[in-house]
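Fold and contact review
The lines below spell out each chain.
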Amino acid sequence: MASSVSDVVDPATGRTVTTVPQLDAPGADAAIEAAHAAFAEWRRVSPADRGRLLRRFAEVVDGAIGELAALEVRNSGHTIANARWEAGNVRDVLHYYSAAPERAFGRQIPVAGGVDITFQEPLGVVCVVVPWNFPMPILSWGMAPALAAGNTVVVKPAEVTPLTAVRIGELALEAGLPDGVLTVLTGKGSVVGDRLVRHPLVRKICFTGSTEVGTGIMALAAEQVKRVTLELGGKSANIVFADADLERAAASAPMAVFDNAGQDCCARSRILVERPAYDRFLELLEPAVAAVRVTDPSDEDADMGPLISAAHRDRVAAYVDDSVEVAYRGEAPGGDGFWYPPTVVLPGGAGDRVWREEVFGPVVSVLAFDGEEEAATMANDTQYGLSGSIWTRDVGRALRVSRAVEAGNLSVNSHASVRYSTPFGGYKSSGLGRELGPDALDAFSETKNVFIDTEG
Ligand code: NDP
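Here is a short report on the structure shown in this document. Once a new chain begins, its residue numbering starts again from 1 and follows that chain's sequence as written. Reporting of local features is limited, given that this is a predicted model, to residues whose pLDDT is at least 70; pairs of side-chain atoms are given and counted only at 80 or more, and all residues count toward the totals for whole chains, interfaces and linings. Hydrogens and waters are ignored; side-chain quantities use all the structure's heavy atoms.

Moving on, we come to a nonpolar patch on the surface. Like charges are joined within 9 Å and nonpolar side chains (Val, Leu, Ile, Met, Phe, Trp, Tyr) within 5 Å, but only among residues with over 30% relative accessible area and no salt bridge; these make up the patches. Accessible surface is estimated by sampling points in the Shrake-Rupley manner with a 1.4 Å probe; for residues, cover comes only from the protein chains shown. Throughout this description, the term salt bridge denotes a Lys or Arg side-chain nitrogen within 4 Å of a carboxyl oxygen of Asp or Glu. A surface patch of nonpolar side chains, amounting to about 230 Å² of accessible area, comprises I109, V111 and F451. With respect to the helices and strands, the residue F451 is situated in strand β18 (residues 445-453). Owing to a relative accessible area of 43%, F451 belongs among the partly exposed residues under this scheme. In DSSP terms, a helix is any run of H or I states spanning at least four residues, a strand is any run of E spanning at least two, and both are numbered starting from the N terminus. For every residue, the accessible area obtained with a 1.4 Å probe (protein chains only) is divided by the maximum for its type, and the residue is called buried under 20%, exposed over 50%, and partly exposed between those limits.

Ranked by size, the top nonpolar core spans 50 residues in total, and within it F57, L94, Y97 and M143 carry the most contacts. The set of elements that each furnish at least two residues to this core consists of α1 (25-42), α2 (47-63), α3 (65-76), α4 (80-98), β5 (125-129), α5 (135-148), β6 (152-156) and α6 (163-174). Tallying contributions element by element places α5 first for this core, with 9 residues. Contact definition: two residues touch when any of their heavy atoms are within 4.5 Å. Setting aside chain neighbours within four positions, we find Y97 in contact with L54, A144, P145, A148, Y420, L436, G437, A440 and L441. Take the buried residues of types Ala, Val, Leu, Ile, Met, Phe, Trp, Tyr and Cys, join any two whose side-chain atoms come within 4.5 Å, and each joined set is a nonpolar core. A249, L285, L346 and V363 belong to the second-largest nonpolar core, a separate cluster that totals 41 residues.

In this section: empty space enclosed by the protein. Buried and open spaces are told apart on a 1 Å grid over the protein atoms alone, a cavity being a set of points where a 1.4 Å probe fits but cannot get out and a pocket being an open set with protein on both sides within 12 Å along at least five of seven lines. Residues with an atom within 4 Å of a point are the lining residues. Grid points are joined across faces, edges and corners, and a volume is the space filled by probe spheres set on the points. Within the structure shown, the criterion is met by 4 cavities of 30 Å³ or more. Taken together, 14 residues line the largest cavity, and the ones lying closest to its centre are R270, A379, G385, S387 and A407. Just so you know the grouping, Ala, Val, Leu, Ile, Met, Phe, Trp, Tyr, Cys and Pro go in nonpolar, Asp, Glu, Lys and Arg go in charged, and all remaining residues, Gly too, go in polar. In terms of residue class, the lining of the largest cavity is built from 6 nonpolar, 5 polar and 3 charged.

This brings us to the packing of α5 against α6. Note on geometry: axes are lines fitted to C-alpha atoms, helical ones only across the stretch in contact, with angles between N-to-C directions running from 0 to 180 degrees. Following both chains from N to C, one finds α5 and α6 inclined at 45 degrees, their axes separated by 9 Å at the closest point. On the basis of the axis angle, α5 is oblique to α6. With respect to the hand of their crossing, α5 and α6 are arranged in right-handed fashion. Residue-level inspection shows P135, M136, L139 and M143 of α5 in contact with α6, the latter providing T164, A165 and I168. Orientation is classified from the angle alone, with under 35 degrees giving roughly parallel, over 145 giving roughly antiparallel, 65 to 115 giving roughly perpendicular, and any other angle giving oblique. Put simply, a crossing is left-handed when the front helix is turned counterclockwise from the back one by less than a right angle, and right-handed when it is turned clockwise.

This is how it looks when you write it as structure tokens:
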């Protein structure tokens, strides 16, 4: 089953902390077949019992928050405060969707000659492909509503960040979920992930990761009319109007992009400042960037840890070559970890690579704009459309610009765009479909319509 093992590396030190099995394609097939066999029973578990099991799963996760957080610090370099929040998010998402089985209502639709009713039915085996940037939350956003809808779930964590997923799989069994209902498969995307996408018994792929891999998955899924949800890249705009509370806007801008070392699809990596406020905003931003504490992620005071790998750090660093004007940089430790300092750059224009491409690291670009129309035009001048922020004291402007920006998750005078109770997803190349919120089960269910003749 496991053809080999792969190293799990601590990004803060560059040292190998453990190894995990790398499954091969026949191993993945066997797990998919087991998940399919478990589906027959799981779909028949009563809605109340399914809800109860998900609540128990949430409680077991709650009891393991410290352990899960410590694993994530070591495996992913997340700050301890973030890692605790992420484990708590898994608990909360499970709690939220534990109420769903008993509320998965169909409808009764008025028709002539009888009664027409609809049923929400599970799809079968659902695969959740998880990236390395948020191993725990993204796993739970697919897993919890899929299980609540009565599907069995196979999770493929990123090759470099498998540890919390493996532990969450064990916690599910401790909570009493039957064997085969939740399965975590470690291994390469090109082997295990590819098998999951191609296997006919997998009826839905819930993928988060790069636009390139997501596009390939969608093309393959089309061959079997397999359902897909895609959460892909972003290049989100943080639009600051001159009438905004500039102190608050500048104080919050660094962590809107440097949180998780910028490895966040929602990172506000383009700051657009209305021209009359541009100089003042840059003045206010400098001390806020200098205050970002980049240090050992297990330190309670850490704001930012290392990048995920040496290769990724090189990729990020390549965006800030000699042709790019650096306004200022924060601090970062030296040593063997994969560190990169928070960096503010001033591109020559909207055509520059650092302004256009997803850097996925702690690099933010700042440009000036003139007026509402140009703000929206510049914000929309990208293939992506995931998130964004709008800073203004004018409520009418806030709403006009919110409607004009082509992105799935916007915040006004705030950068908070992800909550388990509200829908999350992207426009354009940022994705397809929505996760979270009250309607998430729709993405993991089929609607069946039944007409009963009452006249015959
Ligand atoms: P990928 O898209 O390659 O990986 C995401 C997930 O997909 C991983 O679990 C990966 O497995 C898996 N995968 C890879 N290839 C396949 C395949 N053919 N079939 C099925 N699953 C597959 O992202 P990267 O890790 O390479 O990151 C590259 C860039 O993508 C980042 O620098 C960033 O710009 C962007 N990205 C965006 C994310 C987001 O949240 N929107 C998240 C992560 C990355 P494995 O790890 O084993 O290869």
